[in-house]
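Structural characterization, general
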Amino acid sequence: MYVKTAFGSANSTARLTSSSQDATDNQGLCLSFFYHMYGYNINTLSVFLSTGGNEEVIFRRSQNQGNRWWRATAQIRSSSTWRIIFEGRRGTDYRGDIAIDDISIVAGPCPTEGKNVLMCCLLLCGIDIFKKRCRLKLGPHFNTYIDVER
């Protein structure tokens, strides 16, 4: 999903909605994705877990997050059918963009970010410990920085 704030009116939204999914087991599922929010007038990126007409926020970031991709995870647990909704909300001006990429859902709880991401970075791509960043060499974001702690 890509939201370009040069189009639309102030506070308008774009939504990406998954198909309906079956209830989860007790361990639930882990939603993982990358997001990029850069520009003077970014508003909000929200992720909702929609069940039975209710929308619960499971992730939210607002304003400029810098010119880089960030990794996010959110736990999904539901005793009924559910959907995931990504919502990008435009600010009041035309300067800024919001994007999401590499969305995945896997069984079980989300890993603890700090240690697991650090280990992944050390094993797969090396890390600049002083800047706390990992430079990926794999996937669609070739040579993109990801902060280890966020």
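A brief report on the enclosed structure follows. Since we're looking at a predicted model, the values are computed, not measured.

**Regarding the sheet that holds strand β1 (residues 2-4)**
Spatial strand order, β1-β8-β3-β6: four strands in an open sheet with antiparallel pairing. Two strands bound the open sheet, and with one partner strand each, they are β1 and β6 (70-76). The average undirected angle you get between the axes of adjacent strands in this sheet is 20°. Alignment of strand β3 (residues 29-38) against β6, held across seven bridges, turns out to be antiparallel. Paired with L31 across the two strands is A74, which belongs to β6.

**What about the environment of S62?**
As for its position among the elements, S62 is in strand β5 (residues 54-62). The exposure class of S62 is partly exposed, given its relative accessible area of 33%. Ignoring sequence-local partners within four residues, the contact set of S62 consists of M37, N43 and T44. Only 3.3 Å separates the side chain of S62 from the side chain of T44, close enough to count as a polar contact.

**Re the state of the cysteines**
Throughout the structure, instances matching the rule amount to one disulfide. Paired through a disulfide, C30 and C110 show a sulfur-sulfur distance of 2.2 Å. For the disulfide bridge between C30 and C110, the dihedral angle about the S-S bond is near 110°, and by the sign convention the bridge is right-handed. On the criterion of sequence distance, the pair formed by C30 in strand β3 and C110 in the loop between β8 (97-107) and α1 (113-124) is long-range, its members being 80 residues apart.

**Observations regarding the nonpolar core**
In this structure, L31, F33, Y35 and I84 are the most contacted members of the largest nonpolar core, which totals 21 residues. Looking at this core, the elements with two or more residues in it are β3, β4 (42-51), β5, β6, β7 (83-90) and β8. In terms of residues, this core owes the most to one element, β3, which gives five residues. When sequence neighbours within four positions are dropped, the list of residues in contact with F33 reads L45, V47, F59, W70, R71, A72, F86, I100, D101, D102 and I103.

**A few points about the pattern of salt bridges**
Counted under the stated rule, the structure contains three salt bridges. Across the pair R89 and E87 runs a salt bridge whose closest N-O atoms are separated by 3.5 Å. Its relative accessible area of 28% is what places R89 among the partly exposed residues. For E87, a relative accessible area of 8% puts it in the buried group. Linked by salt bridges that have partners in common, R15, E55, E87 and R89 make up one network.

**Some thoughts on the side chain of T24**
Here T24 lies in the loop between β2 (13-17) and β3. Assessed through its relative accessible area of 16%, T24 is described here as buried. Among residues more than four places away in sequence, those in contact with T24 are L29, I76, R77, S78 and W82.

What counts and what doesn't
Residues numbered from 1 in each chain as written. Predicted model: local features only at pLDDT ≥ 70, side-chain atom pairs only at ≥ 80, totals over all residues. Heavy atoms only, no water. Pairing = 2+ DSSP bridges. Helix = DSSP H or I, 4+ residues; strand = E, 2+ residues; numbered from the N terminus. Axes fitted to C-alpha atoms, helices over the stretch in contact; angles between N-to-C directions. Buried < 20%, exposed > 50% of the residue type's maximum accessible area, 1.4 Å probe, protein only. Contact = heavy atoms within 4.5 Å. Polar contact = N/O pair within 3.5 Å; in protein donor to acceptor, adjacent residues only side chain to side chain. Disulfide = S-S within 2.5 Å. Core = buried A, V, L, I, M, F, W, Y, C linked by side-chain atoms within 4.5 Å. Salt bridge = Lys/Arg side-chain N within 4 Å of Asp/Glu carboxyl O.

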